[in-house]
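Take a look at the letters that make up each chain.
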Amino acid sequence: MTKKRILQDGKCYEGGILKVDGFINHQMDPVLMKSIGVEFVRRFAATNVNKIMTIEASGIAPAIMTGYLMDLPVVFAKKKSPKTIQNALSTTVHSFTKDRDYEVVISADFLTPGDNVLFVDDFLAYGNAALGILDLIEQSGAKLVGMGFIIEKAFQNGRKILEEKGVRVESLAIIEDLSNCCIKIKDQ
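Residues numbered from 1 in each chain as written. Predicted model: local features only at pLDDT ≥ 70, side-chain atom pairs only at ≥ 80, totals over all residues. Heavy atoms only, no water.

Enquirer: Residue-level account of the UniProt feature "binding site: 5-phospho-alpha-D-ribose 1-diphosphate" (unreviewed entry) in the protein, with values.
Expert: UniProt records the feature "binding site: 5-phospho-alpha-D-ribose 1-diphosphate" (unreviewed entry) for Ala125, Tyr126, Gly127, Asn128 and Ala129 in the present numbering. Looking at the secondary structure, you find glycine 127 in the loop between β7 (116-124) and α4 (128-140). If you trace the backbone, asparagine 128 turns up in helix α4. (UniProt positions renumbered as here; feature names shortened; annotations may be inferred. Helix = DSSP H or I, 4+ residues; strand = E, 2+ residues; numbered from the N terminus.)

Pasting the structure below:
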């Protein structure tokens, strides 16, 4: 279902940009989000995950759906530190899409050494957000069971970087190429 929607409604722009804001990260399709959650549950059901984690904002919907289906809490790293946050853990992440660095924070009250975390997000490109999440998980003492992405841009090598760190990566749609504004999805 995810691959079909990308081909049907995704838009490609120069520089390796895939726009999916009509159904994933601006306007969301709840039926698609449910099917994404179902697939992440299937892929990670055999792990000892007890918490779902994401980074705001586009990862929240698939993370919530996955957490709902697994009956687990969902926590997200915030891109701005609220004045009310206590026991903050923070790291810096570079955004490929926005071409800027930003601080992400999470309270250590919600990411603890007893947590076995599944990270869910919309995109895996260069792996910058995922590396930031790895840093937060390390700081907290929690353990990562894996990372699930709706869309992976294989040509930007984020998977290679994560797998070299021993991370289990599961992507629902792997984009092989966006050259000439043509979306080429890998057969899985």
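Enquirer: Can you break down the environment of lysine 34 residue by residue, with the values?
Expert: For lysine 34, the position within the fold is in helix α2 (residues 30-44). A C-alpha to C-alpha distance of 6.0 Å links lysine 34 and methionine 65, two positions 31 residues apart in sequence. With residues near it in sequence (within four places) discarded, lysine 34 still touches Met65 and Leu69. (Contact = heavy atoms within 4.5 Å.)

Enquirer: Could you give an account of the pairing of strand β5 (residues 88-95), with specific residues and numbers?
Expert: Burial of the side chains of β5 is restricted to one face: Leu89, Thr91, Val93 and Ser95 are buried, whereas none of Ala88, Ser90, Thr92 and His94 on the reverse face is. Bridging between β5 and strand β6 (residues 100-107) involves 8 bridges; their strand directions are antiparallel. By the bridge assignment, serine 95 is partnered in β6 with arginine 100. (Buried < 20%, exposed > 50% of the residue type's maximum accessible area, 1.4 Å probe, protein only. Pairing = 2+ DSSP bridges.)

Enquirer: Could you give me a rundown of the packing of aromatic side chains, with the residues and numbers involved?
Expert: Overall, the coordinates contain 1 aromatic pair when judged by the stated rule. Ring plane angle 70° and centroid distance 6.0 Å describe the contact between phenylalanine 119 and phenylalanine 149, whose orientation is recorded as edge-to-face. With phenylalanine 119 in strand β7 and phenylalanine 149 in strand β8 (residues 143-153), this residue pair connects regions lying 30 residues apart in the sequence. As far as burial versus exposure is concerned, phenylalanine 119 and phenylalanine 149 are alike and both buried. (Phe/Tyr/Trp six-rings, centres within 6.5 Å; stacked < 30°, edge-to-face > 60°.)

Enquirer: Can you explain the pattern of salt bridges? Please cite residues and give values.
Expert: Across all of its chains, the model carries 12 salt bridges by this definition. Between arginine 43 and glutamate 170 there is a salt bridge; the shortest N-O distance is 3.0 Å. On the criterion of sequence distance, the pair formed by arginine 43 in helix α2 and glutamate 170 in strand β9 (residues 169-177) is long-range, its members being 127 residues apart. With a relative accessible area of 18%, arginine 43 lands in the buried category. Put simply, lysine 160 and glutamate 164 hold a salt bridge, and the shortest N to O gap is 3.1 Å. (Salt bridge = Lys/Arg side-chain N within 4 Å of Asp/Glu carboxyl O.)

Enquirer: With reference to specific residues and values, describe the side chain of glutamate 152.
Expert: Within the secondary structure, glutamate 152 is located in strand β8. Its relative accessible area of 3% is what places glutamate 152 among the buried residues. When sequence neighbours within four positions are dropped, the list of residues in contact with glutamate 152 reads Leu124, Arg159, Val169, Ser171, Ala173, Ile174 and Ile175.

Enquirer: How would you sum up the state of the cysteines? Please name residues and give values.
Expert: As enumerated under the stated definition, the model contains 0 disulfides in all. No disulfide involves cysteine 12; its nearest neighbouring cysteine sulfur is the one of cysteine 181, lying 3.9 Å away. With relative accessibility at 13%, the residue cysteine 12 sits in the buried group. (Disulfide = S-S within 2.5 Å.)

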